[in-house]
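# Topology and contacts: notes
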Amino acid sequence: MEHRLLGRTGVRVSPLCLGAMNLGGPTPDDEGIRIVHAALDAGINIVDTANVYHDGASETLLGKALADRRDRIVLATKVHGRMGPGPNDAGNSRLHILRACEASLRRLGTDYIDLYQVHRPSPEIPVEETLEALTDLVRAGKVRYIGCSTHPAWMVMEALATSERRGLARYVSEQPPYNLLDRRIENELIPLAQRYGLALLPWAPLAQGVLAGRYPAGTALPDDSRAARQPGSIYAERVTARGIEAGARFSALAEAMGRTPGQLALLWCKDQPGVTAPIVGPRTLAQLESLLPVLEMSLAAEERAACDTINGPGGVLVNFHNTAPWMKTPVA
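Below, the structure is looked at part by part. (Residues numbered from 1 in each chain as written. Predicted model: local features only at pLDDT ≥ 70, side-chain atom pairs only at ≥ 80, totals over all residues. Heavy atoms only, no water.)

## A word on the pattern of salt bridges
Put simply, the rule reads: A side-chain nitrogen of Lys or Arg and a carboxyl oxygen of Asp or Glu constitute a salt bridge if their distance falls within 4 Å. Runs of E in the DSSP output that reach at least two residues are strands. Runs of H or I that reach at least four are helices, and both are numbered from the N terminus. Buried means the residue's accessible area, taken with a 1.4 Å probe over protein chains only, is under 20% of the maximum for its type, while exposed means over 50%, and partly exposed covers the values in between.
In this structure the tally under the stated criterion is 19 salt bridges. Arg 166 is the salt-bridge partner of Glu 132, the closest N and O atoms lying 2.5 Å from each other. Separated by 34 residues along the polypeptide, Glu 132 in helix H4 (residues 127-139) and Arg 166 in helix H5 (residues 153-166) bring together distant segments of the chain. On the basis of relative accessibility, which here comes to 30%, the residue Glu 132 falls in the partly exposed class. Note on Arg 166: relative accessible area 41%, which makes it partly exposed. Members of the salt-bridge network, linked through shared partners, are Glu 2, Arg 4, Lys 270 and Asp 271.

Next up, the structure:
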């Protein structure tokens, strides 16, 4: 299997990352543990979660699943989201980051986090405060590397420049939304990452199932889909008529190539320039098993060109940046 460097570090990771957002939530605990073990047995060696996933339950279950396998994986989690009712129970302040890290370590049952990521920006907090707190965690041995998630390119660049100027720990990765329906990171973020040696760990490579044939045209939302379970949420907003129509064309393209739509969507993202490892967040073991062959697949130039006919470079059909207010862009 191909392994890729995690940014400018010497750490090598698999070309797919296991996402644990469904663990501790819709996925039963016993199946969640089987999912983690199956991913590791297949060669995936980077696992991503966040403290806010199901109020910490994802971290807790992941800690159980990794109890005897901790040294085999690069373990990533995140800080920022609200973890309590108090005014300091969210955000990127020093106070919240230090408290949240200790809580994540307890839930994960580990002494250190390999990649600790700032889940979203806190524009009202100087980036120096955030980076200084993260640097202290690195120096204390509680965190090995730091990264960010869903930050606009200018904020990533500001953080890199601040780290350079102040001698602070440097982001080694960014975790952006990226799939064939929303390619906007190609305009600024990917060139930035390539220039400055930043790993990219994209989330939603299957466009929340829209590119995997999860939402057939002219039918009701599947009862077990995230869009149906959370009506009115950002997840439901992403399932649009325009996206479903593009997904149908993409499914036909995948069939012509002899792959499932999910495999082709993930493969397209995995083999895009600048990408380190897309995040795969299966809800079931069957979903994971259907995507594991992508670890050994490669995308031919003519196949990439065919995918471009669905949505061209830098374009957008469905808004996947809408978890961040400053990235909201109306999509006609």
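## Focus on the sheet that holds strand S7 (residues 143-149)
Rules: What makes two strands pair is DSSP finding at least two bridges between them.
With respect to topology, 8 strands assemble into an open sheet ordered S9-S8-S7-S6-S5-S4-S3-S10, the strand pairing being parallel. Only two strands of the sheet have a single partner each, and these edge strands are strand S9 (199-200) and strand S10 (279-280). Where strand S8 (residues 171-175) meets S9, 2 bridges bridge the pair, whose relative direction is parallel. In the sheet register, Glu 174 faces S9, and the bridge partner there is Leu 200.

## Section: the packing of helix H9 (residues 241-256) against helix H10 (residues 261-270)
The condition that has to hold: To get an axis, fit a line to the C-alpha atoms, keeping to the stretch in contact for a helix; angles then go from 0 to 180 degrees between the N-to-C directions. Orientation is classified from the angle alone, with under 35 degrees giving roughly parallel, over 145 giving roughly antiparallel, 65 to 115 giving roughly perpendicular, and any other angle giving oblique. In what follows, a contact means two residues having at least one pair of non-hydrogen atoms within 4.5 Å. Three categories are distinguished: nonpolar for Ala, Val, Leu, Ile, Met, Phe, Trp, Tyr, Cys and Pro, charged for Asp, Glu, Lys and Arg, and polar for the others, with Gly belonging to the last.
Following both chains from N to C, one finds H9 and H10 inclined at 95°, their axes separated by 8 Å at the closest point. Relative to H10, H9 is oriented roughly perpendicular. Touching Phe 250, Ser 251, Leu 253 and Ala 254 of H9 are Pro 261, Leu 264 and Ala 265, all from H10. In terms of residue class, the contact of H9 with H10 is made up of 6 nonpolar, 1 polar and no charged.

## A look at the state of the cysteines
Definition in use: Cysteine sulfur atoms that come within 2.5 Å of each other are treated as a disulfide pair.
This model, assessed by the stated rule, comprises 0 disulfides. For the unlinked cysteine Cys 148, the closest cysteine sulfur is that of Cys 17, found at 15 Å. Of the residues examined, Cys 148 reaches a relative accessible area of 0% and is grouped as buried. Note on Cys 307: no disulfide assigned, nearest cysteine sulfur contributed by Cys 269 at a separation of 11 Å. On the basis of relative accessible area, Cys 307 is assigned to the buried category, the value being 0%.

## A word on the packing of aromatic side chains
Selection criterion: Between the rings of Phe, Tyr and Trp (Trp by its six-membered ring), a pair exists once the centres lie within 6.5 Å; its type follows the angle of the planes, with under 30 degrees stacked, over 60 edge-to-face, and the other angles tilted. Lysine and arginine charges are scored as sitting over a ring when NZ or CZ, respectively, is within 6 Å of the ring centre and within 35 degrees of the ring normal.
Evaluation of the coordinates by the stated rule reveals 1 aromatic pair. Here Tyr 178 and Trp 268 contribute two aromatic rings whose centre-to-centre distance is 5.3 Å and whose plane-to-plane angle is 50°, an arrangement assigned as tilted. With Tyr 178 in the loop between S8 and helix H6 (189-196) and Trp 268 in helix H10, this residue pair connects regions lying 90 residues apart in the sequence. You can call Trp 268 buried: its relative accessible area is 0%. A cation sits over an aromatic face here: Arg 70 above Tyr 112, 4.2 Å from the ring centre.

## Remarks on the packing of helix H1 (residues 29-42) against helix H2 (residues 57-65)
Under the convention used in this document: For any pair of crossing helices, the crossing counts as left-handed if the nearer helix is rotated counterclockwise from the farther one by less than a right angle, and right-handed if it is rotated clockwise.
Following both chains from N to C, one finds H1 and H2 inclined at 60°, their axes separated by 9 Å at the closest point. It follows from the interaxial angle that H1 and H2 lie oblique. Between H1 and H2 lies a crossing of right-handed hand. Between H1, through Asp 29, Gly 32, Ile 33, Val 36 and His 37, and H2, the contact on the second element is made entirely by Leu 61, Leu 62 and Ala 65. Of the residues that constitute the contact of H1 with H2, the class distribution is 5 nonpolar, 2 polar and 1 charged.

## Some words on the environment of Gly 86
Along the chain, Gly 86 falls in the loop between strand S5 (74-79) and helix H3 (94-108). Of the residues examined, Gly 86 reaches a relative accessible area of 19% and is grouped as buried. Gly 86 sits 36 residues away from Ala 50 along the chain, and the two C-alpha atoms are 19 Å apart.

## Comments concerning the pairing of strand S6 (residues 113-118)
The cut-off we apply is this: Think of it like this: strands point away, you trace from the first strand over the helix to the second, and a clockwise trace means the crossover is right-handed.
The element S6 is largely enclosed, with a buried count of 6 among its 6 residues. As judged from the 4 bridges shared by S5 and S6, these two strands associate in the parallel manner. Bridge pairing links Thr 77 to Tyr 116 in S6. This β-α-β element, S5 to H3 to S6, shows right-handed connectivity. Inspection of the sheet shows S6 paired to S7 by 5 bridges, in the parallel sense. Looking across to S7, one finds that Gln 117 is bridged to Gly 147.

This is a description of form; function is not addressed.
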